[in-house]
Amino acid sequence: MKFTDFREIEGRSLGYWGLLGFLGILIVAGLAAAYYMESNGHHVTGMNNQIVWGIPHVFAVFMIVSASGVLNVASIASVFGRAMYKPLARLSGLLAITLLIGGLTVLVLDLGKPDRLIVAMTTYNFKSIFAWNIFLYTGFMVIVAVYLWMMMERRMNVFTKHAGMVAFLWRLTLTTGTGSIFGFLIAREAYDSALLAPMFIIMSFSFGLAIFILYTMAAYNLTGRPLGDAILHRLKNLLGVFVAAVLYFALVYHLTNLYMTAHHAFEKFILLDGGVYTALFWIGQVLIGGVLPLLILFNGQLGRSRPMIALAAALVLVGAFCQVYVIIVGGQAFPLIIFPGKIVSSSFFDGAIGQYRPSLPEVMLGIGGVSLAMAMTTFAIKVLPFLPLSLADEDVDPHHAAAAKGTEAAHA
Amino acid sequence: MSLDRRQFLAVGGAVLASAALAPGMRLVELAEARSPDQAVTNAQRWGILVDTTRCAEGCSACVSACNKENGLQQNVRLDIRPQWIRTVTLQDEQTGYVQTLPMMCQHCEEPPCADVCPTGASFRRADGIVLVDRHICIGCRYCMMACPYKARSFVHENLTGQRADVPRGKGTVEGCNMCVHRVDEGRIPACVEACNYDGGKALTFGDMRDPASEIAKRLATQQSEEIRPNLNLDTGVRYQGL
Ligand code: SF4
Ligand code: SF4
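Every chain is numbered independently, its residues counted from 1 as its sequence is written. In the order they appear in the text, chains get letters beginning with A and ligands get numbers beginning with 1. For this predicted model, a pLDDT threshold of at least 70 governs which residues receive local features, and a threshold of 80 or more governs which side-chain atom pairs are given and counted, while totals over whole chains, interfaces and linings are taken from all residues. Side-chain descriptors were evaluated using all non-hydrogen atoms of the structure, hydrogens and water having been removed beforehand.

A.B. asks: Please explain the packing of helix α2 (residues 55-70) of chain A against helix α12 (residues 306-333) of chain A as it appears in this structure.
C.D. replies: A pair of packed helices can be characterised by two numbers: the angle between their axes and the separation between those axes. Residues and elements named next belong to chain A. Every angle, taken between N-to-C directions, lies between 0 and 180 degrees, and every axis is a line fitted to C-alpha atoms, over only the stretch in contact when it is a helix. What counts as a helix is a DSSP run of H or I of at least four residues, what counts as a strand is a run of E of at least two, and both are numbered from the N terminus. As a packed pair, α2 and α12 sit with axes 9 Å apart at the nearest point and diverge in direction by 125°. Between α2 and α12, the interaxial angle falls into the category oblique. The interaxial crossing formed by α2 with α12 has right-handed handedness. Seen from α2, the contacting residues are Ile55, His57, Val58, Phe59, Val61 and Phe62; seen from α12, they are Leu317, Ala320, Phe321, Val324, Tyr325, Ile328 and Val329. Just so you know the grouping, Ala, Val, Leu, Ile, Met, Phe, Trp, Tyr, Cys and Pro go in nonpolar, Asp, Glu, Lys and Arg go in charged, and all remaining residues, Gly too, go in polar. Considering only residue class, the contact of α2 with α12 consists of 12 nonpolar, one polar and no charged. Should an angle fall under 35 degrees it is called roughly parallel, over 145 degrees roughly antiparallel, and 65 to 115 degrees roughly perpendicular, with every other angle called oblique. Rotating anticlockwise by less than a right angle from the far helix to the near helix defines a left-handed crossing, while the corresponding clockwise rotation defines a right-handed one. Throughout, a contact is declared for two residues whenever any of their heavy atoms are within 4.5 Å.

This is the structure we're talking about:
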């Protein structure tokens with residue numbers, strides 16, 4: 001196979017600094033929003049005693065899940081030995097770290113007491129899956145960093161496969177852990193399902209790859225480096241498979257819930273009369289995030305157009321966001337069933353659908369987190385050689401090069 | 001004196017259980033709250049028995065007493081107002097029969113809130129009272145997600161008029177603590193007192209492990225149940241007439 005030439009991007013143009021500056025403004029706005037929420041108290045947010053986790057948690061979970069999924073590209077290269085994905089492995093590891101940092105930042109800044117981060121880092125309750133996740137997340141960053149080092153340091157290359165294997169297993173555990181944050185909540189109808197953890201894994205595959213495709217397309221487009229169809233079409237086909245798998249899992253999740261009589265009321269809520277949550281499920285998650293991207297990606301004509309591929313990946317992310325929103329906020333909006341067979345009412349909203357309107361500061365905090373991840377990535381590819389100079393067909397796929405030569409020969 | 005210091009003193013008996021976790025700490029405060037020879041042990045288990053047939057519709061003596069005792073402000077938006085105890089109205093879907101009952105932290109023997117709490121701020125004291133240590137709660141609200149009884153509130157706003165013996169703080173989670181400060185002085189929770197004075201005498205407080213106590217006798221001889229029994233949480237608050 002050809003030796004891949006990784007190179008830092010130039011990053012001297014006005015556009016580059018403009019982009020970083022723009023992201024910087026969003027980051028500062030996010031920090032300001034967090035400070036505002038912290039000093040006033042959470043009453044300035046849309047969250048309340050019914051919906052205790054809101055938009056910040058949607059952003060955070062979305063990013064954390066994507067972080068583990070985006071590492072797949074590297075895993076395919078080093079664990080499953082697909083040479084073609086090798087040039088992409090570094091960016092995949094980088095995005096995994098930055099997305100995780102972005103997500104965790106949002107999570108921490110939304111705490112009622114973010115100033116007690118030290119307490120969270122030093123006082124553990126080992127029964128809590130939350131505490132375990134703190135280890136899973138920090139461990140993940142360290143392992144992926146080591147993995148990146150093995151890939152980037154020629155002397156260490158021989159260990160890449162092993163490091164890749166550890167990172168791969170760790171990321172599966174990490175996503176299981178994230179899914180289990182909800183899976184352990186036996187008290188709530190929405191989360192009382194063994195399918196939640198595996199569903200999170202498959203969601204991570206799809207979300208992570210969509211982000212990877214979009215970032216790669218944007219980076220190669222903006223830097224003027226060649227990006228061939230061979231690699232892009234593989235990625236988009238893979239994305240199609242993952243999107244279909246997410247749809248399938250969502251189907252199984254709701255079908256098994258329908259099978260359990262106790263969960264009928266919750267299913268009716270999400271699937272039929274949950275208002276905004278029903279809309280987000282059918283229109284956001286299923287149509288925008290599932291059906292439309294599948295139609296584009298597997299259509300002979302549309303699936304070849306780059307703007308269309310980018311659009312499909314973006315739609316997947318919109319759907320992904322809706323899906324996480326329905327899981328987190330929709331799952332809380334449906335009231336706890338404390339007294340089955342009774343119609344309940346109280347001053348504490350027992351039996352009532354939880355009301356939640358995301359507020360501007362919360363949204364700004366979430367966007368700040370995404371911007372942080374993007375800014376860190378964009379800066380890192382300038383200072384370290386993460387991106388190959390070329391992803392043109394003949395540079396990534398030896399077979400393709402040979403085949404092309406063959407055709408040339410035939411023409412001659 | 002700083003607020004924290006005051007809260008520290010006030011948490012009194014609550015601190016005992018954390019003292020068990022971190023021996024040697026906070027002994028001074030302990031001594032002020034109760035004499036050291038009366039350490040909290042699992043020889044006792046405090047509980048409340050609710051006779052719903054005596055709980056009168058429209059009565060809210062327990063709720064007012066709780067708000068007053070613990071200094072819970074009432075001029076707060078309803079959806080974020082902390083409510084440690086609330087009256088719930090139930091109507092049977094089939095028969096239409098209506099009843100009311102008080103709901104609060106059920107002081108689970110196996111509390112899901114404490115299981116999920118990342119820092120261990122939520123904990124169960126040896127005598128069965130479930131508490132939040134306001135000094136290590138980071139305000140993640142995971143316990144609120146996990147509690148099957150919706151028993152907890154998050155403090156969304158700055159607090160005023162706090163009671164010296166009831167530690168609270170913006171950005172932390174709180175809930176019924178069975179008036180631990182009163183229990184440790186040998187008194188009964190404010191809600192129980194109020195119900196017996198102004199209300200329908202529906203509440204009985206006592207040591208469920210003391211065979212001579214009224215609550216233990218009634219639990220042994222009369223029908224009672226816990227809410228959501230399928231979760232097997234072995235709650236310290238039991239109900240009759242459900
Ligand atoms: S009722 Fe809720 S807050 Fe109280 S001990 Fe049980 S789980 Fe914890
Ligand atoms: S909000 Fe506080 S008490 Fe509740 S789980 Fe988080 S740290 Fe524990």
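A.B. asks: Can you help me understand the site of ligand 2 in this one?
C.D. replies: Throughout, the term near means that a residue has one or more heavy atoms lying within 4 Å of the molecule or strand in question. Taken together, 13 residues lie near ligand 2, and Cys117, Ser122, Cys137, Cys140 and Cys143 of chain B sit nearest. Across the shell around ligand 2, the residue classes tally to nine nonpolar, three polar and one charged.

A.B. asks: For this particular structure, what's the right way to read helix α6 (residues 129-152) of chain A?
C.D. replies: In an α-helix, one full turn covers 3.6 residues, which means residues spaced three or four apart are oriented alike. When the terminal C-alpha atoms of α6 of chain A are compared, their 34 Å separation across 24 residues agrees well with the 34 Å that a helix rising 1.5 Å per residue should span. Polar contact is the term for a pair of N or O atoms within 3.5 Å; when the atoms are in protein, one must be able to donate a hydrogen and the other to accept it, and sequence-neighboring residues count only if both atoms are side-chain atoms. Of the residues that open α6 of chain A, the one with a side-chain oxygen 3.1 Å from the backbone nitrogen of Phe130 of chain A is Ser128 of chain A. Helix span, as expected, comes to 1.5 Å for every residue beyond the first.

A.B. asks: Where do I start with the sheet that holds strand β3 (residues 98-104) of chain B in this structure?
C.D. replies: The strands that make up a sheet are held in pairs by hydrogen bonds between backbone atoms, and each pair lies either parallel or antiparallel. In this description, strands pair whenever DSSP reports at least two bridges between them. Here we have three strands laid out as an open sheet, ordered β2(A)-β2(B)-β3(B), and antiparallel in their pairing. Of all the strands in the sheet, the pair left with one neighbour each is β2 (342-346) of chain A together with β3 of chain B. Taken over all neighbouring pairs, the strand axes of this sheet differ in orientation by 30° on average, direction set aside. When β2 of chain A meets strand β2 (residues 85-92) of chain B, the two strands line up antiparallel, connected through five bridges. By the bridge assignment, Lys342 of chain A is partnered in β2 of chain B with Asp92 of chain B. Strand contacts of helix α3 (residues 61-70) of chain B: β2 and β3 of chain B, with the helix running at about 160° to β2 of chain B, the strand carrying the most contacts.

A.B. asks: Please explain the pattern of salt bridges as it appears in this structure.
C.D. replies: Note on pairing: side chains with opposite charge can pair once their charged atoms come close. Residue and element names in this part refer to chain B. Any Lys or Arg side-chain nitrogen found within 4 Å of a carboxyl oxygen on Asp or Glu counts as a salt bridge. Evaluation of the coordinates by the stated rule reveals 26 salt bridges over all chains. One salt bridge connects Arg168 with Glu174, and the closest N-O pair in it is separated by 2.8 Å. A residue is classified by how much of its surface remains accessible, and Arg168, at 1% relative accessible area, is buried. Only protein chains enter the calculation, and the probe is 1.4 Å; a residue is then buried if its accessible area is under 20% of its type maximum, exposed if over 50%, and partly exposed in between. Looking at Glu174, the relative accessible area reads 0%, which means it is buried.

A.B. asks: How do you make sense of the interface of chain B and chain A when you look at a structure like this?
C.D. replies: By a widely used convention, the size of an interface equals the accessible area lost when the partners come together. Taken together, the contact between chain B and chain A spans 54 residues of the former and 53 residues of the latter. Roughly 4,600 Å² is buried in total at the junction of chain B and chain A, and carbon and sulfur atoms are behind 56% of that figure. Accessible area, probed at 1.4 Å, shrinks when two parts are joined; the buried area is that loss added up over both. Of all residues in chain B, Tyr142, Met145 and Lys150 of chain B give up the largest surface area on contact with chain A, accounting jointly for 18% of the area buried on that side. Scanning the region where chain B abuts chain A turns up four salt bridges.

So, to be careful, I would describe these as geometric facts and stop short of saying anything about function.
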